[in-house]
Amino acid sequence: MIRRPPRSTQSRSSAASDVYKRQGYLRAEAAAGRFSGVVLIGQQGRIVFEAGYGYANQAAGVPNTPQTRFGIGSVTKPFTAAAILQLQERGKLRLSDSIASYLPDCPPAWRAITIEQLLMHTAGLDDYFYLPAFGTMMGQATTPRGLMSLFRDRPLNSSPGERFAYSNSGYVLLGQIIEQVSGESYAQYLTSNILQPLGLSATTYGRGTLPTEMATGYAVAWKPALEIDVSLAYAAGGLYSTVEDLYIWEQALCHPGLLSQTSLDALFQPRVKVPTRKDWYYGYGWFVRSRDGVPEIFHPGLLYGYSAHIARYPTEGLTIIMLSNLEEAPLADYVDWIAGQMLGA
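Now for the overall build of the chain. Helices and strands together make up the secondary structure of the chain, namely eleven helices and 13 strands. What you see for the chain is a C-alpha radius of gyration of 19 Å, in line with the 20 Å of a compact globule of 345 residues. Its C-alpha atoms give the chain principal-axis dimensions of about 60 × 45 × 40 Å. For the chain, the residues scored as buried account for 55% of the 345 residues in total. Residue pairs at least 24 apart in sequence account for 67% of intrachain contacts in the chain once pairs closer than 6 positions are excluded. Element-wise, carbon and sulfur atoms account for 50% of the exposed surface of the chain, whose accessible area totals about 14,300 Å². The averaged location of the 28 negative side-chain charges in the chain is 3 Å from the averaged location of its 28 positive side-chain charges.

Structure, rendered in structure tokens:
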């Protein structure tokens, strides 16, 4: 277990102080109904700013705080990717392996797909979240194999390794591979090998039963969003967390410990071009781009009533994390604005 990151007791840097003074921007966004959530800024391993905006529960008037828990959606994917690389370090699998070695009843079309291609979204799989049959499952729990059945018999959209196409389906299969080689459920593996070793006490697979305040998720016009069973998001988006836990997680990826330096370097290597974005690439569970010459490693998340965004600027020692219980909050825009303040751009 590692210690909680310290808060800066010294005067903030001029850039951080500027954000602190100008947080009226986010207050105005919250007042206008465009934002509700929490922001954390970390610099050189210390929390230099954190604040909550809006309400964790609007009807009850419960405010958001840095300890409020949110669904983090696809920010789960970096955890899944780290688990896969852990298992590779332990000799349980190789990224170059065919997924057919680990998935029972693997269809013939999948035998050319490797674990690495799942990590990079280059397997050619349909995204089950956008298939009509997924809508029929919304009100019920399912199993990983139940999710797999939604896309198992569909033809691949491209040859494995040919191109990037973001797909939650690939991370469902990664979750199944984690279970197959570890002998534990996805939740059990993450808890015993990542969450507990790092002391991420407010991070759970699913909503959990922690006493910490859980934000109510809101959709359009502040209507409570549909609550889906965690099994429908699984290893692609099933975690709930706080900004402070996510900062501990991000800091653990700055130095060897949870993973070797070789694995850490592999996570953040820009490996495949994202065709819909001018300067975006994808590594293993992370997007990578250059922001005016400054490397940026990031991942957004979205899940029925919640949105999330984590961005790290390793050469600057800067991390920005935002969580929201308003599904359509433009967190990427807010993070970009904060980064501009901090980096002087």
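Turning our attention to the side chain of Asp-127. Here Asp-127 lies in the loop between α4 (115-120) and α5 (144-151). Buried and unpaired, Asp-127 has Lys-77 as its nearest opposite-charge partner, separated by 7.0 Å. A polar side-chain atom of Asp-127 sits 3.1 Å from a polar atom in the side chain of Asn-168. When neighbours within four sequence positions are excluded, Asp-127 is seen to be in contact with Tyr-166, Ser-167, Asn-168 and Ser-169.

In this model, Asp-105 sits at a positive phi of 55°, which is unusual for a non-glycine residue. Inspection of the secondary structure assignment puts Asp-105 in the loop between α3 (77-89) and α4. The phi angle at Tyr-234 is positive, at roughly 50°, despite the residue not being glycine. For Tyr-234, a relative accessible area of 3% gives the class buried.

Here we come to the packing of α3 against helix α7 (residues 186-198). For the pair α3 and α7, interaxial distance at closest approach is 11 Å and the crossing angle is 75°. By the criterion of interaxial angle, the relationship of α3 to α7 is roughly perpendicular. Across from Phe-79, Thr-80, Ala-82, Ala-83, Gln-86 and Leu-87 in α3, the residues of α7 making contact are Tyr-186, Tyr-189, Leu-190, Asn-193, Ile-194 and Leu-195. In terms of residue class, the contact of α3 with α7 is made up of nine nonpolar, three polar and no charged.

This part is about α7. With 13 residues, α7 extends 17 Å between its outermost C-alpha atoms, agreeing within 8% with the 18 Å of an ideal straight helix rising 1.5 Å per residue. Of all the bends found along α7, the most pronounced is centred on Ser-192 and spans about 35°. By the burial criterion, the buried members of α7 are Tyr-186, Tyr-189, Leu-190, Asn-193, Ile-194, Leu-195 and Leu-198. Tucked into the core, α7 has its buried residues touching α3, α6 (168-182), β6 (204-205), α8 (234-237), β7 (239-241) and α9 (243-252). Residue Gly-199 follows α7 closely and has a positive phi angle near 70°.

Bringing the sheet that holds strand β11 (residues 294-303) into the picture now. Pairing within the open sheet is antiparallel, and its eight strands lie in the order β2-β1-β13-β12-β11-β10-β9-β8. If you trace the sheet from one side to the other, it starts and ends with β2 (46-53) and β8 (272-273), each paired once. Against the sheet, α9 touches β1 (37-43), β2, β12 (306-313) and β13 (318-324), its axis set at about 145° to β13.

All right, on to the nonpolar core then. Judged by nonpolar contacts, the single largest core of 115 residues is most densely connected at Phe-79, Ile-84, Ile-99, Ile-177, Ile-194, Trp-249 and Leu-267. Residues within four places of Ile-177 in sequence aside, it is in contact with Ile-84, Leu-93, Ile-99, Tyr-102, Leu-103, Ile-115 and Leu-118.

Ordered by their spatial adjacency, three strands build an open sheet running β5-β7-β6, and the pairing between neighbours is antiparallel. One side of each edge strand has no neighbouring strand; the edge strands of this open sheet are β5 (70-71) and β6. In this sheet, β7 lies alongside β6 in antiparallel orientation, the contact comprising two bridges. Residue Tyr-205 lies in a different strand from β7, and its bridge partner there is Leu-239.

On to the packing of α3 against helix α10 (residues 261-268), then. How two helices pack is summed up by the angle between their axes together with the distance between the axes. Interaxial distance between α3 and α10 falls to 10 Å at its minimum, and their mutual angle equals 145°. You can see that α3 and α10 cross each other, and the crossing is right-handed. Residues Ala-81, Ala-82, Leu-85 and Glu-89 of α3 form the contact with α10, whose participating residues are Ser-263, Ala-266 and Leu-267. Each residue belonging to the contact of α3 with α10 can be placed in one class, and the counts come to five nonpolar, one polar and one charged.

On to the layout of surface pockets. For the largest pocket, the calculated volume is near 720 Å³. Every residue lining the largest pocket is counted, 27 residues in all, and those nearest its centre are Ser-74, Tyr-130, Pro-300, Gly-301 and Leu-302. Mapped onto the lining of the largest pocket, the elements with two or more residues apiece are α8, β11, β12 and α11 (331-343). By residue number, the principal contributor to the lining of the largest pocket is β11, which donates four residues. Classifying every residue of the lining of the largest pocket gives 17 nonpolar, seven polar and three charged.

Rules behind the numbers
Residues numbered from 1 in each chain as written. Predicted model: local features only at pLDDT ≥ 70, side-chain atom pairs only at ≥ 80, totals over all residues. Heavy atoms only, no water. Helix = DSSP H or I, 4+ residues; strand = E, 2+ residues; numbered from the N terminus. Rg over C-alpha atoms; globule rule 2.2 N^0.38 Å. Buried < 20%, exposed > 50% of the residue type's maximum accessible area, 1.4 Å probe, protein only. Contact = heavy atoms within 4.5 Å. Areas by Shrake-Rupley, 256 points an atom, 1.4 Å probe, with all protein chains shown as cover. Lys, Arg positive; Asp, Glu negative; His and termini not counted. Charge placed at Lys NZ, Arg CZ, Asp CG, Glu CD. Salt bridge = Lys/Arg side-chain N within 4 Å of Asp/Glu carboxyl O. Polar contact = N/O pair within 3.5 Å; in protein donor to acceptor, adjacent residues only side chain to side chain. Axes fitted to C-alpha atoms, helices over the stretch in contact; angles between N-to-C directions. Parallel < 35°, antiparallel > 145°, perpendicular 65-115°, else oblique. Nonpolar A, V, L, I, M, F, W, Y, C, P; charged D, E, K, R; others polar. Expected span 1.5 Å × (residues − 1). Bend = angle between axes of the 7 residues up to and from the residue. Pairing = 2+ DSSP bridges. Core = buried A, V, L, I, M, F, W, Y, C linked by side-chain atoms within 4.5 Å. Left-handed = near helix turned anticlockwise from the far one by under 90°. 1 Å grid on protein atoms, 1.4 Å probe; cavity = no way out; pocket = protein on both sides within 12 Å on 5 of 7 lines; lining within 4 Å. Points joined across faces, edges and corners; volume = space filled by probe spheres on them.

Everything listed here is a matter of geometry and, on its own, says nothing about what the molecule does.
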